[in-house]
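What the coordinates show
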Amino acid sequence: MFFQQVVNGLTVGSIYALVALGYSMVYGVLQIVNWAHADVMMIGTFIGLTLVSVLHIPVIAMIVLAAAATAALGMGVERIAYRPIKVNRRMAVLVSALGMSVFLQNFAQLVWGSGSKPLQIFTRKTFTAGTVTFTNLQIIITLITFLILFILYILVYKTKIGVAMRACSTSIENAKLMGINSNLIISATFGLGSFIAGIGGVLIGAYYNSVYPTMGYLLGMKAFAAAILGGIGSIPGAVIGGYLIGLIESLGAGYLSSNYRDAYSFIVMIVILGLRPSGIMGAKRIDKV
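Heads up: these notes are all about the structure in this document. (Residues numbered from 1 in each chain as written. Predicted model: local features only at pLDDT ≥ 70, side-chain atom pairs only at ≥ 80, totals over all residues. Heavy atoms only, no water.)

1. Regarding the packing of aromatic side chains
- Within this structure, the stated rule accounts for eleven aromatic pairs.
- The interplanar angle of 40 degrees and the centroid separation of 5.4 Å between the aromatic rings of Tyr-82 and Phe-190 together place this pair among those described as tilted. Note that Tyr-82 is positioned in helix 3 (residues 59-82) and Phe-190 in helix 8 (residues 182-208), a separation of 108 residues in sequence. Taken individually, Tyr-82 and Phe-190 each receive the classification buried, so the pair is uniform in this respect.
- Three or more aromatic residues joined by ring pairs make a cluster, and in this case those are Phe-46, Phe-103, Phe-107 and Trp-112. (Phe/Tyr/Trp six-rings, centres within 6.5 Å; stacked < 30°, edge-to-face > 60°. Helix = DSSP H or I, 4+ residues; strand = E, 2+ residues; numbered from the N terminus. Buried < 20%, exposed > 50% of the residue type's maximum accessible area, 1.4 Å probe, protein only.)

Below you can see the structure in the form of structure tokens.
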């Protein structure tokens, strides 16, 4: 039973990690929380559903197009809801983000309806290894997640745009003095985080075979908890936090009670943050007077 729950936890943790990356990337650059991030992901998932069910686009092309549409929407949200507001006006940014979140949820209900819709893009096949049972979809989710993480590592640490992102995360003002177009980098950060979340949204919709307008709320909360647990602003921390949340949730549901599976990860997050407020991979900030 233990190994079965670990497999299930790693699968769901992969999705949490993909969505948590968007929260950490935006916070790392702007020091703000993009509360509309999960709802942007939800719209991208519905776009993927439309592409595969109405236009009958092949699965791989659908995932890429849905993620690209999610990236475009994420950059649009940044341009409309964040850029006109000065970042140091934190309360105004928060209200704007929450307003955009509500707008996207209602927009999805108007276009696709308020009910749940199935998203079946892979023919499921079940495999057994000893006492552990897993599906081809779980393998696909895990492999896609590791591929994305590898590409993201190359992009952030081995390319010029990655250097610019890291420079902006250190100091936007100093980055501007070095000739970096901060608005372009901020937009690219929103787009990249949304692109990854769009893939995660399609995968979680296929995993549970369900897509609905409020799917971003709980998924977003867990992904945000993963980003906080790992150390918000840290890309490796978001990944570690995502897998930890998935494992804690799965093991708690298997050994304690499935009725409270959504609470276990938040309880552990509170305990860990009590011991290490900056998160697992978060750096301690020292304010000098």
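We are not done yet, so read on.
2. A closer look at the packing of helix 2 (residues 37-53) against helix 9 (residues 215-230)
- Packing of helix 2 against helix 9 leaves a shortest axis separation of 8 Å and a crossing angle of 130 degrees. What the angle tells us is that helix 2 and helix 9 run oblique. Considering only the axes of helix 2 and helix 9, their crossing is right-handed. Of the residues in helix 9, those in contact with Ala-38, Met-41, Met-42 and Thr-45 of helix 2 are Met-215, Gly-216, Leu-219 and Gly-220. (Axes fitted to C-alpha atoms, helices over the stretch in contact; angles between N-to-C directions. Parallel < 35°, antiparallel > 145°, perpendicular 65-115°, else oblique. Left-handed = near helix turned anticlockwise from the far one by under 90°. Contact = heavy atoms within 4.5 Å.)

3. With respect to a nonpolar patch on the surface
- Nonpolar side chains collect at one region of the surface, where Leu-147, Phe-150, Ile-151, Tyr-153, Ile-154 and Tyr-157 lie side by side and expose about 600 Å² of accessible area between them.
- Position of Phe-150 relative to the elements: it lies in helix 5 (residues 136-158).
- The class of Phe-150 is exposed, set by a relative accessible area of 53%. (Patch = residues over 30% accessible without salt bridge, like charges linked within 9 Å, V, L, I, M, F, W, Y side chains within 5 Å. Areas by Shrake-Rupley, 256 points an atom, 1.4 Å probe, with all protein chains shown as cover. Salt bridge = Lys/Arg side-chain N within 4 Å of Asp/Glu carboxyl O.)

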